[in-house]
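The chain contents come next:
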Amino acid sequence: MAIALESQSSAFATAVSGTITWTHTPAATGGTNLVAIVGETVYDGTDAARPLTGVTYGATAMAKIGSKDQANANITTELWYLLNPPGGAQTILATYTGTVINRMGGCVMLSGISTLTTAASTGTLNTNAPSGTGTSSADNSWAVDVVGSEPSWTGHTLTAGAGQTRGPFGTIANEAIAMSWEGPQTPAGPIVMSWTIDVNRDWNLIMGIFSPATATGGAAFNLERLERHYPRGDMRGGMRGAF
């Protein structure tokens, strides 16, 4: 069974709150063996307030793939997922430990996914070209990533790496968050998710690799997560005042 993009959505909020919420509407044609993947970045000066305590899709709790925090840059980035989400338009609700200011969230839904998860790795790098690599365990796998940073000033645009499709954010939120997907990949092996921008910045990158369901619905799903934390760079003028 081939994996396919089913739908996508996003939200951006700046008023002080302990949550961010938006509505995700699946495509009218729907799909089978669905997975909803939510990426989130928050930019706030209170370290203890930034982590998420949970994310729900409709009334169902999602599971965390991974999270990464950069205290010096005041950013936290997380990736969550839910297998077989409920149908129809649903409210996504992400709840933070405390009240925060700049919050960004997006959802990518894929069809053709099965049900098995595997391990993750982490790394650090100071760069204007964040990237991460995970290894798939089945042919025709897809990767989904979220990359998060502090806000930049006008005129700097994140560019997704070769083979990746950027979404659902476009270029909103001063390039403080982006998500992308890549697939299908055959044969199984390493998948690189990468981004470029023309300034050095602080980055968090988390990716998941998803294997396709078998034609009979067997458990051929594989999720690998890779979390990368990119510490403080030197070219930072004006970022704090972007919002």
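Since the structure is predicted, the reported quantities are computational estimates derived from the model, not experimental observations.

Novice: Can you walk me through the overall build of the chain in this structure?
Specialist: Looking only at helices and strands, one finds zero helices and 18 strands in the chain. In the chain, which comprises 243 residues, the share counted as buried stands at 51%. Residue pairs in contact within the chain that sit at least 24 positions apart in sequence constitute 82% of those at least 6 positions apart. Taken as a whole, the chain presents about 9000 Å² of accessible surface, with 53% of it coming from carbon and sulfur.

Novice: How should I be thinking about the pairing of strand 3 (residues 35-43) in this particular structure?
Specialist: In regular strands, side chains alternate between the two faces of the sheet. A large share of strand 3 lies buried, amounting to nine of its nine residues. Relative to strand 9 (residues 102-111), strand 3 runs antiparallel, the two being bridged by nine bridges. Within strand 9, the position partnered with Thr41 by the bridge is Met104.

Novice: How do you make sense of the sheet that holds strand 3 when you look at a structure like this?
Specialist: Sheet strands associate in pairs through backbone hydrogen bonding, adopting either a parallel or an antiparallel arrangement. Read from one edge of the open sheet, five strands run 1-9-3-7-6, paired in antiparallel fashion. Whereas interior strands pair on both sides, the edge strands pair on one side only; in this sheet they are strand 1 (4-13) and strand 6 (63-70). This sheet shows a mean twist of 10° between the axes of neighbouring strands, independent of strand direction. Bridge count between strand 6 and strand 7 (residues 75-83): seven bridges; the pairing is antiparallel. Looking at strand 7, one finds that Asp69 is bridged to Thr76.

Novice: How do you make sense of the sheet that holds strand 16 (residues 190-196) when you look at a structure like this?
Specialist: Taken together, three strands build an open sheet; the order of strands is 11-16-13 and the sheet is antiparallel. Of all strands in the sheet, those with a lone pairing partner are strand 11 (131-135) and strand 13 (159-160), marking the two edges. As paired elements, strand 13 and strand 16 share two bridges and run antiparallel to each other. Its bridge partner being in strand 16, Ala160 is matched across the sheet by Trp195.

Novice: In this structure, what is going on with the pattern of salt bridges? I would like to understand it.
Specialist: Two side chains with opposite charge may pair up if their charged atoms get near one another. Counted according to the given criterion, the structure contains three salt bridges. Its salt-bridge partner being Arg50, residue Asp69 comes within 2.8 Å of it at the nearest N-O pair. Taken together, the residues span a long stretch of sequence, with Asp69 in strand 6 and Arg50 in the loop between strand 3 and strand 4 (52-57) at a distance of 19 residues. Overall, Asp69 belongs to the partly exposed group, its relative accessible area being 34%. On the accessibility criterion, Arg50 (0% relative accessible area) is buried.

Novice: Is there a simple way to think about the nonpolar core in this case?
Specialist: If you look at the biggest cluster of nonpolar residues, it comprises 21 residues, and the most contacted ones within it are Val55, Tyr57 and Met62. At the level of secondary structure, the elements contributing two or more residues to this core comprise strand 1, strand 2 (17-24), strand 3, strand 4, strand 7, strand 8 (90-100) and strand 9. In terms of nonpolar packing, the next biggest core, distinct from the first, is built from 20 residues, Ile37, Leu79, Phe169 and Trp181 among them.

Novice: What am I meant to see in the pairing of strand 4 here?
Specialist: Two elements, strand 4 and strand 8, share five bridges in a ladder whose sense is antiparallel. Looking at the pairing, Gly54 lines up with Thr95 of strand 8. Relative to strand 5 (residues 60-61), strand 4 runs antiparallel, the two being bridged by two bridges. Pairing of Tyr57 across the sheet is with Thr60, part of strand 5. Between strand 4 and strand 5, which pair antiparallel in sequence order, lie two residues; one of them, Gly58, sits at a positive phi of approximately 65°.

Novice: Looking at this structure, how should I read the environment of Ile92?
Specialist: Take Ile92: it is sitting in strand 8. Non-local contacts of Ile92, meaning those with residues more than four positions away in its chain, are made with Ser9, Ile20, Thr21, Trp22, His24, Val38, Val55, Thr56, Tyr57 and Cys107.

Cut-offs and rules
- Residues numbered from 1 in each chain as written.
- Predicted model: local features only at pLDDT ≥ 70, side-chain atom pairs only at ≥ 80, totals over all residues.
- Heavy atoms only, no water.
- Helix = DSSP H or I, 4+ residues; strand = E, 2+ residues; numbered from the N terminus.
- Buried < 20%, exposed > 50% of the residue type's maximum accessible area, 1.4 Å probe, protein only.
- Contact = heavy atoms within 4.5 Å.
- Areas by Shrake-Rupley, 256 points an atom, 1.4 Å probe, with all protein chains shown as cover.
- Pairing = 2+ DSSP bridges.
- Axes fitted to C-alpha atoms, helices over the stretch in contact; angles between N-to-C directions.
- Salt bridge = Lys/Arg side-chain N within 4 Å of Asp/Glu carboxyl O.
- Core = buried A, V, L, I, M, F, W, Y, C linked by side-chain atoms within 4.5 Å.

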